[in-house]
Amino acid sequence: QVRLQQWGAGLLKPSETLSLTCAVYGTSISDYYWSWIRQTPGKGLEWIGEVHHSGSTNFNPSLNSRVAISVDTSNSQFSMSLSSVTAADTGVYYCARLGKDVYNGLFDSWGQGTRVTVSS
Amino acid sequence: DIQVTQSPSTLSASVGDRVTITCRASQSISTWLAWYQQKPGKAPKFLVYMASTLESGVPSRFSGSGSGTIFTLTISSLQPDDFATYYCQQYNSYPWTFGQGTKVETK
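Residues numbered from 1 in each chain as written. Chains lettered and ligands numbered in written order. Predicted model: local features only at pLDDT ≥ 70, side-chain atom pairs only at ≥ 80, totals over all residues. Heavy atoms only, no water.

### A short note on the side chain of Asp82(B)
All names here are of chain B.
Thinking step 1. Position of Asp82 relative to the elements: it lies in the loop between β8 (70–75) and β9 (85–90).
Thinking step 2. On the basis of relative accessible area, Asp82 is assigned to the buried category, the value being 1%.
Thinking step 3. Apart from the residues lying within four places of it in its own chain, the contact partners of Asp82 are Gln37, Arg61, Phe62, Ile75, Ser77 and Val104. (Helix = DSSP H or I, 4+ residues; strand = E, 2+ residues; numbered from the N terminus. Buried < 20%, exposed > 50% of the residue type's maximum accessible area, 1.4 Å probe, protein only. Contact = heavy atoms within 4.5 Å.)

Put into structure tokens, the structure is as follows:
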């Protein structure tokens, strides 16, 4: 059974960098793309970006300049950083698996979510 | 970006009611649409893919339909476990985008 376990700092000050990591269990990290998605009061559910085990990435243009996503295949983990955070970045951040084959493009497994608050 | 708009934003219903949620895409996405259910404090869980195919284990009272730009999710007889927020998501093209959600609440 696929399980995603995520962690990271939950309270940040404006201009700081948000860093989150997601560990993958029950499936090979090499077989899929892995995404970060956030849920904010202002924009609802918003796809942030994704990474493949090869290191190939795709990002939402709305966040592209502030986001980096990387993968650590040896530890079956992937990570995200979002720089220069503001109050608008407050919300719940999820890691998720992008499905393949008939599920290609949708998110078939999710982490538990990390609540992030940006406040001075 | 492809915009995805759901309606209504809130739906008040009773157990046993038939409920329908609509999702409209800003351009044709064929049938590249998924539906998710989210309960408070939990991650979304996907229910329907390819606009009308139920994921394994999803009760048959759920059904999806549509193609192009207009899609619907129908619950034929609302059950207590179905009170939740529902989202559609297009996966026709990057960036993947979600609707703003429809909260199904008790009347």
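Next comes the rest of the description.
### Let's talk about the packing of aromatic side chains
Thinking step 1. For the structure shown, the criterion picks out 17 aromatic pairs over all chains.
Thinking step 2. Taken together, a centroid distance of 5.5 Å and an interplanar angle of 70° make the contact between Tyr103(A) and Phe46(B) edge-to-face. Within this pair, whereas Tyr103(A) is found in the loop between β9 (91–98) and β10 (107–110), its partner Phe46(B) is found in strand β5 (residues 45–49), the two belonging to separate chains.
Thinking step 3. Considering the side-chain rings of Tyr103(A) and Tyr49(B), the 4.8 Å spacing of their centres and the 65° angle between planes classify their relative orientation as edge-to-face. Here the residue Tyr103(A) occupies a position in the loop between β9 and β10, and Tyr49(B) occupies one in strand β5, the pair thus bridging two chains. (Phe/Tyr/Trp six-rings, centres within 6.5 Å; stacked < 30°, edge-to-face > 60°.)

### Quick look at the interface of chain B and chain A
Thinking step 1. In this assembly, 18 residues from chain B lie in contact with 20 residues from chain A.
Thinking step 2. Together chain B and chain A conceal approximately 1,600 Å² of surface at their shared face, both sides included; 64% is due to carbon and sulfur atoms.
Thinking step 3. If you sort the residues of chain B by the area they bury against chain A, Tyr94(B), Trp96(B) and Phe98(B) come out on top, with a joint share of 33%.
Thinking step 4. There are 0 salt bridges connecting chain B and chain A.
Thinking step 5. Taken together, chain B and chain A are joined by 11 residue pairs in polar contact (both at pLDDT 80 or more).
Thinking step 6. Secondary-structure elements contributing two or more residues to the side of chain B that touches chain A are β4 (33–38), β5 and β9 of chain B.
Thinking step 7. The element best represented in the side of chain B that touches chain A is β4(B), accounting for 3 residues. (Buried area = accessible area lost by both parts, 1.4 Å probe. Salt bridge = Lys/Arg side-chain N within 4 Å of Asp/Glu carboxyl O. Polar contact = N/O pair within 3.5 Å; in protein donor to acceptor, adjacent residues only side chain to side chain.)

### A look at the sheet that holds strand β3 (residues 18–25) of chain A
Residue and element names in this part refer to chain A.
Thinking step 1. Pairing within the open sheet is antiparallel, and its 4 strands lie in the order β1-β3-β8-β7. The sheet terminates laterally at β1 (3–8) and β7 (67–72), the two strands that pair on one side only. Along the sheet, successive strands turn relative to each other by an average axial angle of 20°, direction set aside.
Thinking step 2. Direction of pairing for β3 relative to strand β8 (residues 77–82): antiparallel, over a ladder of 6 bridges. (Pairing = 2+ DSSP bridges. Axes fitted to C-alpha atoms, helices over the stretch in contact; angles between N-to-C directions.)

### Things to note about the state of the cysteines
Thinking step 1. In total, this model carries 2 disulfides over all chains according to the counting rule given.
Thinking step 2. With a sulfur-sulfur separation of 2.1 Å, Cys22(A) is cross-linked through a disulfide to Cys95(A). Disulfide Cys22(A) to Cys95(A): torsion about the S-S bond roughly 60°, handedness right-handed. Here Cys22(A), found in strand β3, pairs with Cys95(A), found in strand β9; they are 73 residues apart in sequence, far enough to count as distant. When sorted by exposure, Cys22(A) lands in the same class as Cys95(A), which is buried.
Thinking step 3. The disulfide that involves Cys23(B) links it to Cys88(B), with 2.1 Å between the sulfurs. Taking the torsion about the sulfur-sulfur bond, which here is approximately 80°, the covalent link between Cys23(B) and Cys88(B) counts as right-handed. Here Cys23(B), found in strand β3 (residues 19–25), pairs with Cys88(B), found in strand β9; they are 65 residues apart in sequence, far enough to count as distant. Here Cys23(B) matches Cys88(B) in class, with each residue buried. (Disulfide = S-S within 2.5 Å.)

### Quick word on the sheet that holds β8(B)
All names here are of chain B.
Thinking step 1. With antiparallel pairing, 4 strands are arranged side by side in an open sheet as β1-β3-β8-β7. Bordering the open sheet on either side are β1 (4–7) and β7 (62–67), each of which pairs with just one other strand. In this sheet, neighbouring strand axes are inclined to one another by 15° on average, regardless of whether the strands run parallel or antiparallel.
Thinking step 2. In the sheet, β1 pairs with β3 via 4 bridges, with the strands oriented antiparallel. What sits directly across from Val4, in β3, is Ala25.

### Observations regarding unusual backbone geometry
One can expect most non-glycine residues to show negative phi and most peptide bonds to be in trans.
Thinking step 1. That bond from Ser7(B) to Pro8(B) is cis: its omega, -10°, falls within 30 degrees of zero.
Thinking step 2. By the secondary structure assignment, Pro8(B) is in the loop between β1 and β2 (10–13).
Thinking step 3. A positive phi angle, near 50°, is found at Ser84(A), a position not held by glycine.
Thinking step 4. Structurally, the position occupied by Ser84(A) is in the loop between β8 and β9.
Thinking step 5. Judged by its relative accessible area of 42%, Ser84(A) is partly exposed.
Thinking step 6. Its identity as a non-glycine residue notwithstanding, Met50(B) has a phi of 50°, on the positive side.
Thinking step 7. Here Met50(B) is to be found in the loop between β5 and β6 (53–54).

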